[in-house]
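# Fold and contact review
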Amino acid sequence: MKKITITLLMLAAIATLNSCDLKSCYCCVSTGEVVHEEESYTEDDKSCSTLNNSKQICMERHERIPGCEGVAVSYKK
């Protein structure tokens, strides 16, 4: 039982340390006719715009536009 507990604690510590390399991004996501806000993550050395695709536009946290108003997101039907 001790080995299992120690192993789980080590895995949790490794996961926590690996998450330090992530950067929080602000994304405007299109779901049909509705555009909503979502938080996504990318590697710390990459730009948030690398997460952009046909259904979402991602920005750095300091570029955040509340409610995604004025952000054009194309939507493929």
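Residues numbered from 1 in each chain as written. Predicted model: local features only at pLDDT ≥ 70, side-chain atom pairs only at ≥ 80, totals over all residues. Heavy atoms only, no water.

### Let's talk about a negative patch on the surface
A contiguous patch of negative charge, built from D21, E43, D44 and D45, is present on the exposed surface. Structurally, the position occupied by D21 is in the loop between α1 (2-18) and β1 (22-31). (Patch = residues over 30% accessible without salt bridge, like charges linked within 9 Å, V, L, I, M, F, W, Y side chains within 5 Å. Areas by Shrake-Rupley, 256 points an atom, 1.4 Å probe, with all protein chains shown as cover. Salt bridge = Lys/Arg side-chain N within 4 Å of Asp/Glu carboxyl O. Lys, Arg positive; Asp, Glu negative; His and termini not counted. Charge placed at Lys NZ, Arg CZ, Asp CG, Glu CD. Helix = DSSP H or I, 4+ residues; strand = E, 2+ residues; numbered from the N terminus.)

### Describing the state of the cysteines
In total, this model carries 3 disulfides according to the counting rule given. One disulfide bridge connects C28 with C68, the sulfur atoms lying 2.2 Å from each other. One disulfide, between C28 and C68, carries an S-S torsion of -95° and so falls in the left-handed class. Here C28, found in strand β1, pairs with C68, found in the segment after β3 (56-60); they are 40 residues apart in sequence, far enough to count as distant. Under the relative-accessibility criterion, C28 is labelled buried at 0%. With relative accessibility at 5%, the residue C68 sits in the buried group. (Disulfide = S-S within 2.5 Å. Buried < 20%, exposed > 50% of the residue type's maximum accessible area, 1.4 Å probe, protein only.)

### Comments concerning the pairing of strand β2 (residues 34-43)
Alignment of β1 against β2, held across 10 bridges, turns out to be antiparallel. Bridge pairing in β2 places K23 opposite T42. Here β1 folds back onto β2 in antiparallel fashion, the turn holding 2 residues, of which G32 has a positive phi close to 75°. (Pairing = 2+ DSSP bridges.)

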